[in-house]
Amino acid sequence: MLLNLPNVLTPDQVATSRRILEAADWIDGKVTAGYQSAQAKDNQQIPEGHPAARQIGELIVKALGLNPLFIAAALPRQVFPPLFNRYSGGQRFDTHVDNAIRQIPGTPHRIRTDLSATLFLAGPEEYDGGELCVEDTYGVHEVKLPPGHMILYPATSLHQVKPVTRGTRLCAFFWIQSMVRDDGRRALLFDLDVGLQRLNRDHPEHPSAVQLTGVYHNLLRQWADL
Ligand code: NI
C-alpha cells in the first residue's frame, strides 16, 4: 500500500528544518548504501548522528507520534531516526531495494525495515525531475509531494529517484518496523480501521460498530509482534 500523509510537518516546521539542514555539513550518500545500491546512488546526505539530523529527526518522529493516519497505517513498533538527503545537478538514485535490517546508530539495536518513508522538504516547483518512482503489483507510481507531506510505502518495493535536472530536492527518509510485518495484513487492518471510523462517525450507536471493533482488535492480537 502506498499512502500519502499530508501535513506531517507545518510550514513553520519545514522552514526551521530547512534552515538548520542547509547549514549542516553534507557528505556523499554512498555511506549508508548497501553493496548493490552504492552503484546506483548519487546524492548527498547529512552524516548519521549529526546534531542537525538528530534535532530535525526528533521533530519528525514526535510529529508522527501525534499523527493518527500514520499510526493507523504503519502500526509502528519502532521508527528509525530520520536521515536527510539532497539531489541536484543530475544526481539520482537508480532502481534498488532498501536493506532489510538496519542498525540504529550508536546503539546495539537493529530494526527490520517493513515500511519506507520519504518526507518532502522542498516544494515541487523548486526542482525538475526527482520523482520517487515506486513499483508495486499495480505498476509504477511517481511521487512528488508538497513540503511537509510524506509518502509511506512497503520497504519490499523496488524504487528509484529520477535525476534532478534543475534546483535541489531535499527530503527526510527513514524506515519503520511495524507491529504487523506483512503489508497485506497491515493494509486489511487499515481498511477496517478507516471503515470503522466512518461507521462510528455516521452511525455512532450502530451495534455492529462494537462487533467490528472486536474483529479489528482480535486480528491485531493474532498478527502483532511486540
Ligand atoms: Ni531506497
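Rules used throughout
- Residues numbered from 1 in each chain as written.
- Predicted model: local features only at pLDDT ≥ 70, side-chain atom pairs only at ≥ 80, totals over all residues.
- Heavy atoms only, no water.
- Domains from an automatic or database assignment.
- Buried area = accessible area lost by both parts, 1.4 Å probe.
- Salt bridge = Lys/Arg side-chain N within 4 Å of Asp/Glu carboxyl O.
- Polar contact = N/O pair within 3.5 Å; in protein donor to acceptor, adjacent residues only side chain to side chain.
- Helix = DSSP H or I, 4+ residues; strand = E, 2+ residues; numbered from the N terminus.
- Nonpolar A, V, L, I, M, F, W, Y, C, P; charged D, E, K, R; others polar.
- Donors = N, O, S within 2.8 Å, 3.2 Å for Na, K, Ca; no water.
- Buried < 20%, exposed > 50% of the residue type's maximum accessible area, 1.4 Å probe, protein only.

Engineer: Hey, could you run me through the domain arrangement of the chain in this one?
Structural biologist: Accessible area lost upon the coming together of the parts serves often as the stated size of an interface. Considered domain by domain, the chain is made up of domain 1 (3-178) and domain 2 (183-223). Of the roughly 630 Å² buried between domain 1 and domain 2 on both sides combined, carbon and sulfur atoms contribute 69%. Between domain 1 and domain 2 we count 0 salt bridges in total. Taken together, the links from domain 1 to domain 2 amount to 1 residue pair in polar contact (both at pLDDT 80 or more). In terms of residue count, helix α4 (residues 68-74) provides more of the side of domain 1 that touches domain 2 than any other element does, 4 residues in total. Residue composition of the side of domain 1 that touches domain 2, by class: 8 nonpolar, 1 polar and 1 charged.

Engineer: Help me understand the coordination of the nickel ion in this model?
Structural biologist: Ideal donor angles around a metal are set by the shape: a four-donor tetrahedron calls for 109.5 degrees, a six-donor octahedron for 90 or 180 degrees. Within the protein, H96 (NE2), D98 (OD) and H159 (NE2) serve as the donor atoms for the nickel ion, at 2.1 Å. Along the chain, the residues that donate to the nickel ion are spaced as H-x1-D-x60-H. Placement of H96 in strand β7 (residues 92-96) and of H159 in strand β15 (residues 159-161) is noted, with a sequence separation of 63 residues between them. An identical accessibility class is assigned to H96 and H159; each is buried.

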